[in-house]
There are 2 protein chains.
Amino acid sequence: MAARSDHRVVIVGAGFGGLFAAKFLRRAPVSVTVVDRRNYHLFQPLLYQLATGILSQGEVAPPIRDVLRKHANVTVEMATVTGFDLAGRRVTAIRPDGTERSYGYDSLIVGGGADQSYFGHDEFARFAPGMKTIDDALELRGRIFGAFEMAESEDDPEARRSWLTFVVVGGGATGVELAGQIAELSRSGLAGNFRRIDPKDARVVLVDGGPEILAAFGDRLSQKAARELERLGVTVRTGMVVSGVDAFGVDVTAHDGTRDRIACRTKIWAAGVAASPLAGMLAEASGASCDRSGRIKVLPDCTLPGHPEVFAIGDMMALDDLPGVAEVAMQSGIHAANTVKRRLHGKDPADFTYRDLGSMATVSRFHAVVSFKGIRASGFLGWLMWLVVHLTFLTGFKNRISALLHWAWTFLAGSRAERTITVRQAVGRVALADAGADDLSRSVPAADPGEEDGR
Amino acid sequence: MAARSDHRVVIVGAGFGGLFAAKFLRRAPVSVTVVDRRNYHLFQPLLYQLATGILSQGEVAPPIRDVLRKHANVTVEMATVTGFDLAGRRVTAIRPDGTERSYGYDSLIVGGGADQSYFGHDEFARFAPGMKTIDDALELRGRIFGAFEMAESEDDPEARRSWLTFVVVGGGATGVELAGQIAELSRSGLAGNFRRIDPKDARVVLVDGGPEILAAFGDRLSQKAARELERLGVTVRTGMVVSGVDAFGVDVTAHDGTRDRIACRTKIWAAGVAASPLAGMLAEASGASCDRSGRIKVLPDCTLPGHPEVFAIGDMMALDDLPGVAEVAMQSGIHAANTVKRRLHGKDPADFTYRDLGSMATVSRFHAVVSFKGIRASGFLGWLMWLVVHLTFLTGFKNRISALLHWAWTFLAGSRAERTITVRQAVGRVALADAGADDLSRSVPAADPGEEDGR
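Residues numbered from 1 in each chain as written. Chains lettered and ligands numbered in written order. Predicted model: local features only at pLDDT ≥ 70, side-chain atom pairs only at ≥ 80, totals over all residues. Heavy atoms only, no water.

**Regarding the overall build of chain A**
Argument step 1. Along the backbone of chain A there are 12 helices and 23 strands.
Argument step 2. Computed over C-alpha atoms, the radius of gyration of chain A comes to 23 Å, within 12% of the 23 Å expected from 2.2 N^0.38 for 455 residues, which places it in the range of a compact globule.
Argument step 3. In chain A, the share of contacts with a sequence separation of at least 24, taken over all contacts with a separation of at least 6, comes to 65%. (Helix = DSSP H or I, 4+ residues; strand = E, 2+ residues; numbered from the N terminus. Rg over C-alpha atoms; globule rule 2.2 N^0.38 Å. Contact = heavy atoms within 4.5 Å.)

Right, here's the structure in full:
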């Protein structure tokens, strides 16, 4: 066991930022406490594969304490942070049984990540779950596979068509990956499973408010991705803002005011993010301000103004308009940990510089788009790069082997291993129980000028 | 696609009985409809491995329609059966969205299985979940791994000890396997994961009302299993009836009236079963009677008196006092399907004869007890037999490969891959939220003579 020093580092959140910070401090003369409200580290970039039946929970969400088991100077605690006392250098939290607990620190690193944002339309959430947590993904898995179940036992052709229509809102990487996977699932993953419907009849619609999907990848890759999606059978509708969501469909509005309604039972929200409430709590405690997405404005070294011992990292920090991707979280986490270490060694801290290692998104099996230092790859080459990178970063040797096995089945044999619908994540529990029967007849959007500013 | 005949077979329930009946009818000139309220077939004998983090949901619960995808004469519908109209030969059901649906039949095979029974003490259920469904197992997984999380962040030694005490009620195969796995988990599966507790300090107590555990296996194997459990650190308390269960402990009463209380946060109920409510519904519809466990009394050919076209199979049929094991369900399912087939070919139906292929239970890794046609094996030899049989019967090639991989990690490396605690199955949600604070001081059982007849 490494000798512990008196310097106490508290890390709030074990996402990519917090986890990499904790790992970086392995041989530093500090004692580290990682506090997270969940017991798992979520490999967010593969969450869509949990939602579409490819990977299991354990593969995308290894236990935090197991990932850090060889880090003798790290203690992991499962608790939800409730406040920051920056003057007293103490974090307060609540354990799962409701009892309070607090953690004194000398350095504090906060990486609370981001939650789904419905741009002021939180009423959409129950009809169109987001894609941020394991529970979200299991809920979506239940709804996606449940929709095929419902279609199979549905006699009315219109209702059946509605059960077989899937609308994904948001054309970023998560939305594109989800739309592509639902399309592939319907084209090959369910072969032979149904008698009364043909799952290939499923329609997948990808809606985005901007002029193109995967805007961050540039025009050429964006167009290639759109073409590949269309080849899979996904309808890409860009320039369309979602103005309404209910149990039976989605209302969209074009920029010229044209309105349309897509009848569909399954809606997925992959459109917007807002920083974790921890950012607001930190801002209030420190006097720092937050940006429009709720991210806390930090100094160039990721610390809070007036509090060089407090770092905000990853998706919840506002700095140089950096994107909300895993790479930024990892690098800012390492930067914060390194700053703590440098100070202990009497060295000057440096500003955070982000090295853009590129971004990638899988559109379908054997097809990904990759943007890397000016190099732009797509198709099979892009997919191979995706495979190598994700296998490298996937946490733990076991998860790599078992994910590879699941990928082999999915990508080569076209089948899906994880399709359980549990009672707690059961089909239609929310989507249907909440819908008034009178809504059933609704197929044209009601004129409702009050809801135009959705994505 | 096989030619469908006019003879319609409806199979209710896709457990071992229903699934084997459907499979047996593959080349028969009948059209089969399988109706189940869930989308998965549950491999019940391995459910304890889901609860203890070894296997994933998909491995123990493959989708029914995927298992039957090559059976062209089988349609699968996800719906909950609500009634039997035996005169009109029609089964009524409700789909997940609440709409009604019904299925006309010429032959009906009902295999509704069994639910947990608390012997009249249903109030125990929220403190001591059963082990019958995927949701049960996920709830238990959250409670088991959550208890270690709570212990790690607990300062009070008495409370910590209570979080590290696990009581399993019921010394049948499920109870023994669970107790053994929790003990192994604490001894090797969590190595290096904790800083403030030693998971090896966990106490596992197996409580049974009878004179010995695994009574069905005979004295010698029963004693071997008990010795192996004790070696693992499990305390076996036979001859003890559970007279009370609350958030903080279990009250037990010996046959001589001596009482004791075991302070523990995590309780698991693996003690009793009651037939599915479908048995009672069938009995009411047909005029047949049920036994003490709610099982419907069938004729020697598994049909209902006066209804040769209606079969009850598996755990919900009362016949010759057959045990509630997978083998009985499979064989009676095949018998029912075969009877349907023989009649169509003009042959006389025969009575059901059960061939006892033996039983087995794993006590720990590399140690199982096996009773097979008078041969009784235990230890490593028994475990090898367990491995071969379970790999053979595990549904689907993919699940065999991936379960083997997970078993290799667990049994050779001692680690657990599936430990996610979801919000919906979160630690202490029920166990704690419901407990009044005044209960906290309770460590001796209150004199309450009204609750003596628990298991």
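**As for the interface of chain B and chain A**
Argument step 1. If you look at the interface, chain B gives 61 residues, while chain A gives 61 residues.
Argument step 2. Summed over both partners, the interface of chain B with chain A comes to about 5,400 Å²; 48% of that surface belongs to carbon and sulfur atoms.
Argument step 3. Where A:Glu149 meets B:Arg65, a salt bridge forms, and the shortest distance between an N and an O atom there is 2.8 Å.
Argument step 4. Where chain B meets chain A, there are 32 residue pairs in polar contact (both at pLDDT 80 or more).
Argument step 5. Here the residues of the side of chain B that touches chain A sort into 23 nonpolar, 14 polar and 24 charged. (Buried area = accessible area lost by both parts, 1.4 Å probe. Salt bridge = Lys/Arg side-chain N within 4 Å of Asp/Glu carboxyl O. Polar contact = N/O pair within 3.5 Å; in protein donor to acceptor, adjacent residues only side chain to side chain. Nonpolar A, V, L, I, M, F, W, Y, C, P; charged D, E, K, R; others polar.)

**What to know about the sheet that holds strand E5 (residues 90-94) of chain A**
Residues and elements named next belong to chain A.
Argument step 1. The 3 strands are arranged E4-E5-E6 in an open sheet whose pairing can be described as antiparallel. Both outer strands of the open sheet, strand E4 (80-85) and strand E6 (100-104), are each paired with one neighbouring strand and no more. The sheet shows a mean angle of 25 degrees between the axes of neighbouring strands, taken without regard to direction.
Argument step 2. With 5 bridges joining them, E4 and E5 adopt antiparallel strand pairing. Counted as the bridge partner of Gly83 is Thr92 from E5. (Pairing = 2+ DSSP bridges. Axes fitted to C-alpha atoms, helices over the stretch in contact; angles between N-to-C directions.)

**A few points about the side chain of B:Ser222**
Argument step 1. Position of B:Ser222 relative to the elements: it lies in helix H8 (residues 219-232).
Argument step 2. At a separation of 2.7 Å, a polar atom in the side chain of B:Ser222 contacts the main-chain carbonyl oxygen of B:Ile213.

**A short note on the relation of the copies chain B and chain A**
Argument step 1. For these two chains of identical sequence, chain B goes onto chain A by a turn of 180 degrees and a shift of 0.0 Å along the axis, with RMSD 0.0 Å. Between the two chains, the operation in question is that of a two-fold axis. Relative to the rotation axis, the C-alpha of B:Ser56 is the closest in chain B, positioned 3.2 Å from it.
Argument step 2. Both copies contact each other with a shared surface, as 100% of the interface residues of chain B are interface residues in chain A too. (Least-squares fit on C-alpha atoms with pLDDT ≥ 70 in both.)

**Focus on the packing of aromatic side chains**
Argument step 1. Summed over the entire model, instances satisfying the criterion amount to 19 aromatic pairs over all chains.
Argument step 2. With a centroid separation of 6.0 Å and an interplanar angle of 20 degrees, the aromatic rings of A:Phe380 and A:Trp383 are classed as stacked. Within this pair, A:Phe380 and its partner A:Trp383 are both found in helix H11 (residues 379-393), separated by 3 residues, close to a single helical turn.
Argument step 3. Members of the aromatic cluster, connected to one another through ring pairs, are A:Phe366, A:Phe380, A:Trp383 and A:Trp386.
Argument step 4. Positioned above the aromatic ring of A:Phe24 is the side chain of A:Lys341, whose terminal nitrogen or guanidinium carbon lies 4.7 Å from the ring centre.
Argument step 5. Looking at B:Lys23, its charged tip hangs above the ring of B:Phe20, at a distance of 5.8 Å from the centre. (Phe/Tyr/Trp six-rings, centres within 6.5 Å; stacked < 30°, edge-to-face > 60°. Lys NZ or Arg CZ within 6 Å of the ring centre and 35° of its normal.)

**Topic: the confidence of the model for chain A**
Argument step 1. When pLDDT is averaged along chain A, the result is 88, and 91% of the positions lie at 70 or above.
Argument step 2. Contacts of residues 426-455 of chain A to residues separated by more than four positions or lying in other chains number 64 contacts, the stretch itself having pLDDT below 50. (pLDDT = per-residue confidence, 0-100.)

**Digging into the pairing of strand E14 (residues 259-263) of chain B**
All names here are of chain B.
Argument step 1. Bridge count for strand E13 (residues 249-254) against E14 is 5 bridges, and the pairing is antiparallel. Within the sheet, the bridge partner assigned to Gly249 lies in E14 and is Ala263.
Argument step 2. Here E13 hands over to E14 after 4 residues, with Gly257 in that stretch at a positive phi of 95 degrees.

**Quick notes on unusual backbone geometry**
Residues and elements named next belong to chain B.
Argument step 1. In the Ramachandran plot, Cys302 falls in the positive-phi region, its phi being about 75 degrees despite a non-glycine side chain.
Argument step 2. In this fold, Cys302 is placed in the loop between strand E17 (296-297) and strand E18 (303-304).
Argument step 3. Note on Cys302: relative accessible area 0%, which makes it buried.
Argument step 4. For Phe366, which is not glycine, the phi dihedral falls at a positive 70 degrees.
Argument step 5. Relative to the assigned elements, Phe366 resides in the loop between strand E21 (359-364) and strand E22 (367-372).
Argument step 6. Given a relative accessible area of 31%, Phe366 falls into the partly exposed group. (Buried < 20%, exposed > 50% of the residue type's maximum accessible area, 1.4 Å probe, protein only.)

**Comments concerning the packing of helix H5 (residues 134-152) of chain A against helix H7 (residues 173-189) of chain A**
All names here are of chain A.
Argument step 1. Their axes nearest at 12 Å, the elements H5 and H7 cross at an angle of 35 degrees. Handedness of the H5/H7 crossing: right-handed. Side by side, H5 and H7 meet where Ile144, Phe145 and Phe148 of the first sit next to Ile182, Leu185 and Ser186 of the second.
Argument step 2. Of the residues contributing to the contact of H5 with H7, the split by class is 5 nonpolar, 1 polar and no charged. (Left-handed = near helix turned anticlockwise from the far one by under 90°.)

**Here's the deal with the pairing of strand E2 (residues 31-36) of chain B**
Residue and element names in this part refer to chain B.
Argument step 1. Within E2, 6 of the 6 residues are buried, which leaves the element mostly enclosed by the surrounding structure.
Argument step 2. Going residue by residue along E2, you find Ser31, Thr33 and Val35 tucked away on one face and Val32, Val34 and Asp36 tucked away on the opposite face as well.
Argument step 3. Examined bridge by bridge, strand E1 (residues 8-12) and E2 share 5 bridges and lie parallel to one another. Considered in E2, the bridge of Arg8 is made with Ser31.
Argument step 4. Crossover E1 to E2 through helix H1 (residues 16-24) is right-handed.
Argument step 5. As paired elements, E2 and strand E3 (residues 74-78) share 5 bridges and run parallel to each other. Its bridge partner lying in E3, Asp36 is registered against Met78. (Right-handed = clockwise from strand over helix to strand, strands pointing away.)

**Points about H8(B)**
Argument step 1. The end-to-end C-alpha separation of H8(B) is 20 Å, in line with the 20 Å expected for 14 residues at 1.5 Å each.
Argument step 2. Taken together, the buried residues of H8(B) touch helix H7 (173-189), strand E10 (203-207), strand E11 (234-237), E21, E22 and strand E23 (375-377) of chain B. (Expected span 1.5 Å × (residues − 1).)

**A few points about a nonpolar patch on the surface**
Argument step 1. Together, B:Phe366, B:Phe380, B:Leu384 and B:Leu412 make up a nonpolar patch on the protein surface, roughly 390 Å² of accessible area in all.
Argument step 2. In this structure, B:Leu384 sits in helix H11 (residues 379-393). (Patch = residues over 30% accessible without salt bridge, like charges linked within 9 Å, V, L, I, M, F, W, Y side chains within 5 Å. Areas by Shrake-Rupley, 256 points an atom, 1.4 Å probe, with all protein chains shown as cover.)

**Overview of the environment of A:Val204**
Argument step 1. Relative to the elements of secondary structure, A:Val204 occurs in strand E10 (residues 203-207).
Argument step 2. Each C-alpha atom, one on A:Val204 and one on A:Val167, is 5.9 Å from the other, the two residues being 37 residues apart in sequence.

**Considering the sheet that holds E11(B)**
Residues and elements named next belong to chain B.
Argument step 1. Across the sheet, which stays open at both edges, the 4 strands sit in the order E11-E10-E9-E15 with parallel pairing between neighbours. Each of the sheet's edge strands pairs with one partner strand only, and the pair in question is E11 and strand E15 (266-269). Across the sheet, the mean angle separating the axes of adjacent strands is 20 degrees when strand polarity is ignored.
Argument step 2. Judged from the 5 bridges that link them, strand E9 (residues 165-169) and E10 form a sheet pairing that is parallel. Along E10, the bridge assignment pairs Thr165 with Arg203.
Argument step 3. Of the strands in this sheet, E9 and E15 touch helix H5 (residues 134-152), which is tilted by about 155 degrees from E15.

**Concerning the environment of A:Ala417**
Argument step 1. Assignment of secondary structure puts A:Ala417 in the segment after helix H12 (397-413).
Argument step 2. The sequence separation of A:Ala417 and A:Ser378 amounts to 39 residues, and the corresponding C-alpha distance is 27 Å.

**Brief notes about the pattern of salt bridges**
Working definition: two side chains of opposite charge can pair if their charged atoms are close together.
Argument step 1. One pass over the structure, following the stated rule, counts 38 salt bridges over all chains.
Argument step 2. A:Arg89 is the partner of A:Glu309 in a salt bridge, and the nearest nitrogen-oxygen pair spans 3.7 Å. Here A:Glu309 is found in strand E19 (residues 307-312), whereas its partner A:Arg89 is found in the loop between E4 and E5, with 220 residues between them in sequence.
Argument step 3. Accessibility expressed as a relative area gives 35% for A:Arg89, which makes it partly exposed.
Argument step 4. B:Arg143 serves as the salt-bridge partner of B:Glu139, at 2.8 Å between the closest nitrogen and oxygen.

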